[in-house]
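Structural features, examined
The lines below spell out each chain.
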Amino acid sequence: MKTDEHLLPSKSQSWRMFDEISPRYDLLNRILSFGLDRAWRRRLNSFLGPKPNQEALDLATGTADVLLALSKNSNIKSGVGVDLADKMLNLGKAKIQKRQLDDRLTLQHGDILDLPFPPESFDIATIAFGIRNVPEPHKVLKEMFRVLRKGGRALVLEFSLPPSRWLRFLHLFYLRYVVPFIGFLLTGHARAYRYLNQTIEDFPFGQEFCSMMLESGFQKVTIHPLTFGIATIYEGDKLRV
């Protein structure tokens, strides 16, 4: 589908768009994914590994749903979330406070292309539905690799396209026409949800994204397709040498 690209936000400014839709962001996630987003985050949690007392970093953390999911794993000692969208972060902070997890989880304003942490600060680095929204995804992966300790793991949860021709056709129809319509009805921001389908269709997935992780230094890179391939978890380790 052709889109009015001049009306869509640039990736470097996409955080402003997320701030605009922040009041309805969580609700739209549940509706548009039919609740699958929660199941996908639980699945992400299952790849953390058995090491106790892990310190986690979540990039493009938004309203902190990933951090909250990670906190349910007994092997996670603490977590930090980073995002440029302050209104999203404020919603996340309120959710953390409501669950009385202030002592374990913190959120801060920051650029995921230039993380404010020294090398080897975390055991786990995650990003869910955020890496396709940055202009330099390679740089994000390299930053994740830099801040991970040896033996650490990166987990990337991102949308992808189903391998089945008919499922892909139906999924693209949903993304191109249904999602922007529902997004407009509930938020008044149709362009935010036109942007969604554009970034999903344009972003590399499958083996192409695995190659990006390998080029960034990760090893043992593994693909975990979700729900017929409409989303994928990519797992990569920073091996001890």
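Below: a short report on this structure. (Residues numbered from 1 in each chain as written. Predicted model: local features only at pLDDT ≥ 70, side-chain atom pairs only at ≥ 80, totals over all residues. Heavy atoms only, no water.)

1. Some details on the nonpolar core
Our working definition: For the purposes of this section, nonpolar cores are sets of buried Ala, Val, Leu, Ile, Met, Phe, Trp, Tyr and Cys residues that join through side-chain atoms within 4.5 Å. Only protein chains enter the calculation, and the probe is 1.4 Å; a residue is then buried if its accessible area is under 20% of its type maximum, exposed if over 50%, and partly exposed in between. The helix and strand labels rest on DSSP assignments: H or I over at least four residues marks a helix, E over at least two residues marks a strand, and numbering proceeds from the N terminus. In what follows, residue pairs with any heavy atoms lying within 4.5 Å of each other are defined as contacts.
Within the largest apolar cluster, 27 residues are counted, with the highest numbers of intra-cluster contacts made by Leu-57, Ile-131, Val-140, Met-144 and Phe-209. Elements represented by at least two residues in this core include exactly β1 (54-59), β2 (76-83), β4 (122-128), α6 (137-147), β5 (148-159) and α9 (207-215). Once you skip the residues sitting within four places of it in the chain, Phe-209 turns out to touch Ile-131, Leu-141, Val-156, Phe-203, Pro-204 and Tyr-234. By size, the runner-up hydrophobic cluster in this structure holds 25 residues, among which are Trp-40, Ala-64, Leu-67 and Leu-70.

2. Here's the deal with the pairing of β2
For clarity, the cut-off: At least two bridges found by DSSP between two strands is the condition for calling them paired. A clockwise path from the first strand over the helix to the second, with the strands pointing away from the viewer, defines a right-handed crossover.
Burial analysis of β2 places six of its eight residues in the buried class, which makes it a mostly covered element. Both β1 and β2 contribute to a ladder of six bridges, which runs parallel. For Leu-59, the partnering residue across the bridge sits in β2 and is Val-82. Viewed along the sheet, the connection from β1 through helix α4 (residues 65-70) into β2 turns out right-handed. As judged from the five bridges shared by β2 and strand β3 (residues 105-109), these two strands associate in the parallel manner. Note that in β3 the partner of Gly-81 across the bridge is Leu-107. In this fold, the crossover linking β2 to β3 by way of helix α5 (residues 86-98) has right-handed handedness.

3. Details of the pairing of β5
Alignment of β4 against β5, held across six bridges, turns out to be parallel. Its bridge partner being in β5, Phe-122 is matched across the sheet by Leu-148. Viewed along the sheet, the connection from β4 through α6 into β5 turns out right-handed. Pairing between β5 and strand β7 (residues 231-237): seven bridges, direction antiparallel. Bridged to Leu-157 within β7 is Ile-233.

4. Details of the pattern of salt bridges
Rules: Counted as salt bridges are all cases of a side-chain nitrogen of Lys or Arg within 4 Å of a carboxyl oxygen of Asp or Glu.
Using the criterion set out here, one finds 15 salt bridges in the structure. Of the charged contacts in the structure, one is a salt bridge between Arg-153 and Asp-237, with a shortest N-O distance of 2.7 Å. Of the two residues, Arg-153 is situated in strand β5 and Asp-237 in strand β7; the sequence distance between them amounts to 84 residues. Here Arg-153 falls in the buried class, since its relative accessible area comes to 19%. By relative accessible area, Asp-237 is classed as buried at 7%. Overlapping salt bridges bring together Asp-26, Arg-30, Asp-37, Arg-41, Asp-65 and Lys-95 as one network.

5. A closer look at the packing of α6 against α9
How we decide: Fitting a line to C-alpha atoms yields each axis, with helices limited to the stretch in contact; the angle taken between N-to-C directions then spans 0 to 180 degrees. Roughly parallel covers angles under 35 degrees, roughly antiparallel covers those over 145, roughly perpendicular covers 65 to 115, and oblique covers all other angles. We call a crossing left-handed when the near helix sits turned anticlockwise from the far one by less than a right angle, and right-handed when that turn is clockwise. When residue character is reported, Ala, Val, Leu, Ile, Met, Phe, Trp, Tyr, Cys and Pro are called nonpolar, Asp, Glu, Lys and Arg charged, and the others, Gly included, polar.
Where α6 contacts α9, the axes come no closer than 9 Å and their chain directions differ by 50°. Here α6 is positioned oblique relative to α9, judged by the angle of their axes. Regarding α6 and α9, the two cross each other, and that crossing is right-handed. Along the contact surface, α6 presents Pro-137, His-138 and Leu-141, while α9 presents Phe-209, Met-212, Met-213 and Glu-215. Looking at side-chain class alone, the contact of α6 with α9 contains five nonpolar, one polar and one charged residues.

6. Examining helix α7 (residues 165-187)
The α-helix winds at 3.6 residues per turn, so residues separated by three or four positions along the chain end up facing the same way. Our working definition: To estimate how far a helix should extend, the number of its residues minus one is multiplied by 1.5 Å. Fitting axes to the seven residues that end at a residue and to the seven that start at it, the angle between those axes gives the bend at that residue.
The terminal C-alpha atoms of α7 lie 31 Å apart, and with 23 residues this matches the ideal 33 Å at 1.5 Å per residue to within 8%. Along its length, α7 shows its largest kink, about 35°, at Val-178, and proline Pro-180 lies within four residues downstream of that point. Of the positions making up α7, those classed as buried are His-171, Leu-172, Tyr-174, Leu-175, Val-179, Pro-180, Gly-183 and Thr-187. With its phi angle positive at about 80°, Gly-188 sits one or two positions after the end of α7.

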